[in-house]
Amino acid sequence: MKGSTGPRRPVRVAALATALTGALLLLCCTGGAGAFLLTELGGDTDDPVTNSLEGCGRGGVIDVRGKMPRIDGYGDSQIRNAAIIIKVGTDMKVPPRGWVIAVATAMQESRLSNLGHLGSRNDHDSLGLFQQRSSQGWGTPAQLQDPAYAARKFYEKLVTVKNWQQMSLTRAAQRVQRSAFPDAYAKHEPLATKIVDALADGAAQTVEIGNRRACQAATRGDIAASGWTAPIPGGVGSGFRTAERPAHNGVDIAAPKGTLIRAATTGRVIVSRCDPDSRGRESCNVDGYPGKGGCGWFVDILHANDYITRYCHMIRKPQVVVGQTVQAGQVIGEVGSSGNSSGPHLHFEVHVSADRSSRGAVDPVPFMRSRGAPLNGAP
């Protein structure tokens, strides 16, 4: 199977502070330009967690009175507050997805600090980790400054939200908090996921299937606590930058024509079109062949933390358009063999630092495995 070598021009993170503009060169060839408005989907692009475990939660939650792992940008007391949030969620039997949502919400509202009244800087009577308000019935001022109480009140409301586990983090948090800046929650999801993994032995890599918590099994629309899912079920055939294909900037997953392709996580579509072949032809409605060039019908999605995922060789025009916000697990197209392809499969790429070029590509296999959505199909 043939994948693509990726677009030639990177998009610099600095240019994405408020909007992604200018030319976005398309895959394997010359392409068009597009403008994309970025609203709080970006975030830190490094990986500040230095002590992340990968036990899928089997080791339980860290002792909230014990030593905390070091996480850049957050002090010991802040991480201890995150541990308390997670411990309360565990005691209430809230699934790990709820822990990620709660930690990310507290990161936005208070940077995980148990805030008292901030005087003129205070938003009305907002207090504590979640900036809850006594005047809105959350509790007394003393109660709201008890991290365990505040976390419990957050979870009590979260679990009443219908289908909260399938929602984007922003939507779920907003249904609880009703913030004036709801989009701001999204940028904290990647680090909140890493914090949960560090404090709860990799629990963000699990997915709730029925009443069972499964490890490394997020596929077919099931969403891991991290907020990610595999785009299609199935194992990797042709890998990332192998000796035989050093310019292969993604992986190929064989699947029958028409297999549904799902967004790996919540984000905004920045490219959705037919990629011209090596002769400049936009001939994506027919099967391709090796050496034709191009990605066929394809989609690029920009996610929080400046990740980009790419989905190539669709059988027909994608089901999403540029500028559209998509949820994790949402169907965006169907497997085909358009473009530079020798048979039906999904060519899947992951890019970092909002760089669509080959320089931004990373191996999707360990990336997706660390999020509980391995590219090896459902068990």
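Residues numbered from 1 in each chain as written. Predicted model: local features only at pLDDT ≥ 70, side-chain atom pairs only at ≥ 80, totals over all residues. Heavy atoms only, no water.

Focus: the overall build of the protein
At step 1: Along the protein, the regular secondary structure elements total seven helices and 15 strands.
At step 2: Here the protein holds 379 residues, and the buried ones make up 56% of them.
At step 3: For the protein, contacts bridging at least 24 residues in sequence account for 63% of all contacts bridging at least 6. (Helix = DSSP H or I, 4+ residues; strand = E, 2+ residues; numbered from the N terminus. Buried < 20%, exposed > 50% of the residue type's maximum accessible area, 1.4 Å probe, protein only. Contact = heavy atoms within 4.5 Å.)

Digging into the nonpolar core
At step 1: Of all hydrophobic cores here, the largest spans 46 residues; its most connected members are Ile85, Phe130, Tyr155 and Ile195.
At step 2: No other element matches the eight residues that helix H2 (residues 96-110) contributes to this core.
At step 3: Apart from the residues within four sequence positions on either side, Ile85 is in contact with Ala102, Val103, Ala106, Leu112, Leu129, Phe130, Ala151 and Tyr155.
At step 4: In terms of nonpolar packing, the next biggest core, distinct from the first, is built from 36 residues, Trp228, Val326, Ile332 and Phe367 among them. (Core = buried A, V, L, I, M, F, W, Y, C linked by side-chain atoms within 4.5 Å.)

So, a positive patch on the surface
At step 1: On the surface, a cluster of positive charge is made up of Lys157, Arg171, Arg175 and Arg178.
At step 2: Mapped onto the secondary structure, Arg178 falls in the loop between helix H5 (169-177) and helix H6 (189-199). (Patch = residues over 30% accessible without salt bridge, like charges linked within 9 Å, V, L, I, M, F, W, Y side chains within 5 Å. Areas by Shrake-Rupley, 256 points an atom, 1.4 Å probe, with all protein chains shown as cover. Salt bridge = Lys/Arg side-chain N within 4 Å of Asp/Glu carboxyl O. Lys, Arg positive; Asp, Glu negative; His and termini not counted. Charge placed at Lys NZ, Arg CZ, Asp CG, Glu CD.)

Here we look at the pattern of salt bridges
At step 1: Using the criterion set out here, one finds 15 salt bridges in the structure.
At step 2: Two residues, Glu156 and Lys153, come together in a salt bridge whose shortest N-O distance is 3.5 Å. Residue Glu156 and its partner Lys153 are located together in helix H4 (residues 147-158), separated by three residues, close to a single helical turn.
At step 3: According to the relative accessible area criterion, Glu156 is partly exposed, its value standing at 33%.
At step 4: Residues joined in a network through salt bridges with shared partners are Asp300, Arg310, Glu349 and Arg356.

Details of empty space enclosed by the protein
At step 1: Scanning all chains against the criterion turns up one cavity of 30 Å³ or more.
At step 2: Arg97, Met167, Ser168, Thr266 and Ala328 are the residues nearest the centre of the largest cavity, which is lined by 13 residues in total. (1 Å grid on protein atoms, 1.4 Å probe; cavity = no way out; pocket = protein on both sides within 12 Å on 5 of 7 lines; lining within 4 Å. Points joined across faces, edges and corners; volume = space filled by probe spheres on them.)

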